[in-house]
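Now for the letters of each chain:
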Amino acid sequence: MDTVSPQGVRRHWAAALCLGLPLLLGACATAPTPTTGLTPPPQPTATAPEVVTPATSAPTKSATTEPESVTPLKPRSQLGLTPPTDVWERIRRGFAMPDLDSDLVRNREQWYSGRPDYMLRMTERSRPYLFHVVEELERRNMPTELALLPFIESAFNPQAVSSAKAAGMWQFMPATGKFFDLKQNLFRDDRRDVLESTRAALDYLQKLYGMFGDWHLALAAYNWGEGSVSRALARNKAQGKPLTYSELNMPNETRYYVPKLQAVKNIVAQPETFNTQLPLIQNHPYFKSIPIERDIDVAVAVKLAAVSLEDFKSLNPSMNRPVILAAGTPQILLPWDNATVFERNLQAHANRPLATWTAWQAPRTMKPEDVAKQLDMPVDQLRSVNGIPPRMMITAGSTLLVHRKGRLDNDVTEHLADNGQLGLAPEVVLKRISVKARKGDSLASLAARHGVSATNMADWNHLKANARVVAGQTLTILVPSQGSRRVTRSTPNKSASPKAPVPQRKKTSKPQPRR
């Protein structure tokens, strides 16, 4: 390639500064430090990496998998003294990871540059989120090319869900999300939340970099799992092979993972070289965080903010119900100008009701029809808003979203907002069969033979519990129909949506492999 590399551009700028500034300032021996507000990232040490093995629940030190040497980070580039004009320029200035140069990188460069429409859609989709991600990376003094990782993970789509159930623009698996304190309950899934998922992803990446001392290995672990990378490094060490990303024996997805990021980095560095158009994303915040102190319907929030429902959902993708619970969702994100409108209109509604929905817990296992009758709401609406499939029952202790009225006219408590789950069980359809007693039979022996209780046997046949039966006597038994058994087998597919029960978040184990 005959174009000048970004590193070459940086060297030309540095030379110009060193030669020109002494003339302008009169008596300077060296160029002044650029005022970008950034400090050089900490250099990794050559100590043994912290390695998590599958048998432990916390990181452990292991000398068997340590890289023999650690590639130091490249210094952050300093392209002049003026502030960056857009987010892309800001990202370029913060590049700090070693470049990967391989045939796989060239392959991915061709793939992305050969799809300009896809690249434009993907980069345009990042508009609401990219500034915040870059801000967080700079605040943590991390390489800014990591802001491009959601392009590889999800094409910057916070609603993305993989076949392995990883969710959000950073693609967290359920167990890894819980380890990093991402709420996953009936009302929200923080793996999709813009602020929380970014916080968790950067926490995880920092943890992995601390373990391996190499950003390429850290990225491989983010994709493949730290246990898998640790074992691959141990195998390489035992065989006398280099302990680098490119030399690891890994699945194809992980082998292409860092080359994909490098390819996107190269395209962002020099879009004109790859015939790629990047949308203008201004170097200022896209959204503002607004505190929520009362439960409020999504429809009401959208109206008060004068924003479209689509735009609201793009900034608040973790919410999956028509109401925002203040106890579990203390803030919402709104486009910067709309946030001011919302705050002003919310003040005007200070004494008016904001929510028409609340949460209710089932005291026992119930049919949806019985719940709807008890709470005086249409059963079809109850099923729809809570995602209850046909022929399913609501188990005891389940949390349901219901109309807010009467004795239920209260904001939802923090405990319920953070821990609400919906449990479903197949509705048992019974059919009546007749059986004949044998010599020596009793109600208890007949009940045991057919998998029912003796008490039910007595009730179904209008007998006393200690009644005697005689050989040849015909008795009635109610047993599950074939339809009930079919419902049981189909339940996992019908309830595999976000409405299905999710284990409560509890930090009891290390992050699991994400793929």
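Not measured: the values here are computed from a predicted model.

Colleague: Would you mind going over the overall build of the protein with me for this structure?
Modeller: A tally of helices and strands in the protein yields 20 helices and 12 strands. Looking at the protein as a whole, 49% of its 515 residues qualify as buried. Across the protein, the fraction of contacts at a sequence separation of at least 24, relative to all contacts at a separation of at least 6, is 71%.

Colleague: What is the right way to read unusual backbone geometry from this model?
Modeller: A positive phi angle, near 55°, is found at Ala 155, a position not held by glycine. One can find Ala 155 in the loop between α6 (149-154) and α7 (174-179). Using a relative accessible area of 12% as the deciding quantity, one classes Ala 155 as buried.

Colleague: I keep staring at the confidence of the model for the protein and nothing clicks. Help me out?
Modeller: Should pLDDT be low for a region, the predicted coordinates there are not to be read in detail. Per-residue confidence for the protein averages 82 on the pLDDT scale, and 77% of its residues sit at or above 70. Low pLDDT, under 50, characterises residues 1-79; the predicted model gives this stretch 132 contacts beyond four residues in sequence or across chains. A low-confidence stretch, residues 483-513 stays under pLDDT 50, and its non-local contacts, those more than four residues away or across chains, total 61 contacts.

Colleague: Where do I start with the nonpolar core in this structure?
Modeller: The nonpolar side chains of a soluble globular protein tend to be buried, and buried together. Formed by 71 residues in total, the largest nonpolar core has its most connected members in Trp 170, Leu 205 and Tyr 222. The element that contributes the greatest number of residues to this core is helix α8 (residues 194-212), accounting for 11 residues. Judged by nonpolar contacts, the second largest core, of 28 residues, contains Trp 360, Val 385, Val 412 and Leu 422.

Colleague: Please explain helix α4 (residues 116-125) as it appears in this structure.
Modeller: Helical periodicity: at 3.6 residues per turn, an α-helix aligns residues three or four positions apart in one direction. When α4 is considered as a whole, its buried residues turn out to be Met 119, Met 122 and Thr 123. For α4, the buried positions fall inside an angular range of 95° around the axis, keeping them on one side. In α4, the exposed positions angled more than 90 degrees off the buried face are occupied by Asp 117 and Arg 121.

Colleague: Can you help me understand the side chain of Thr 254 in this one?
Modeller: Assignment of secondary structure puts Thr 254 in helix α11 (residues 252-269). The exposure class of Thr 254 is buried, given its relative accessible area of 2%. Setting aside residues no more than four positions away along its own chain, Thr 254 makes contact with Ala 220, Asn 223, Trp 224 and Tyr 245.

Colleague: Help me understand the packing of aromatic side chains, please; the structure alone is not making it clear to me.
Modeller: For any pair of aromatic rings, the description rests on two quantities: the centre-to-centre distance and the angle between the ring planes. On inspection of all chains with the given rule, the structure shows 11 aromatic pairs. Look at Phe 172 and Phe 180: their rings are 6.4 Å apart centre to centre, the planes differ by 55°, and that puts the pair in the tilted class. A single burial state applies to Phe 172 and to Phe 180, both of which are buried. One aromatic cluster is present, formed by Phe 172, Phe 179, Phe 180, Tyr 204 and Tyr 222 through successive ring pairs. Above the ring of Trp 336, the side-chain terminus of Lys 288 is found at 5.7 Å from the ring centroid.

Colleague: Whenever I open this one, the environment of Glu 293 confuses me. Can you help?
Modeller: Relative to the elements of secondary structure, Glu 293 occurs in the loop between β3 (287-291) and β4 (296-297). Here Glu 293 falls in the exposed class, since its relative accessible area comes to 73%.

Colleague: Looking at this structure, how should I read helix α16 (residues 379-386)?
Modeller: Those residues of α16 that fall on the buried side of the exposure criterion are Leu 382, Arg 383, Val 385 and Asn 386. At its buried positions, α16 is contacted by β7 (357-361), α15 (368-375) and β9 (399-403). Of the residues one or two after α16, Gly 387 is the one with positive phi, at around 65°.

Colleague: Would you take a moment to explain the pairing of strand β6 (residues 331-335) for this structure?
Modeller: It is a general feature of regular strands that their side chains alternate between the two faces of the sheet. The element β6 is extensively covered by neighbouring structure, given that four of its five residues are classed as buried. Taken together, the five bridges between β3 and β6 define a ladder with antiparallel strand orientation. Its bridge partner lying in β6, Ser 289 is registered against Leu 333.

About the criteria used
Residues numbered from 1 in each chain as written. Predicted model: local features only at pLDDT ≥ 70, side-chain atom pairs only at ≥ 80, totals over all residues. Heavy atoms only, no water. Helix = DSSP H or I, 4+ residues; strand = E, 2+ residues; numbered from the N terminus. Buried < 20%, exposed > 50% of the residue type's maximum accessible area, 1.4 Å probe, protein only. Contact = heavy atoms within 4.5 Å. pLDDT = per-residue confidence, 0-100. Core = buried A, V, L, I, M, F, W, Y, C linked by side-chain atoms within 4.5 Å. Arc of directions from axis to C-beta. Phe/Tyr/Trp six-rings, centres within 6.5 Å; stacked < 30°, edge-to-face > 60°. Lys NZ or Arg CZ within 6 Å of the ring centre and 35° of its normal. Pairing = 2+ DSSP bridges.

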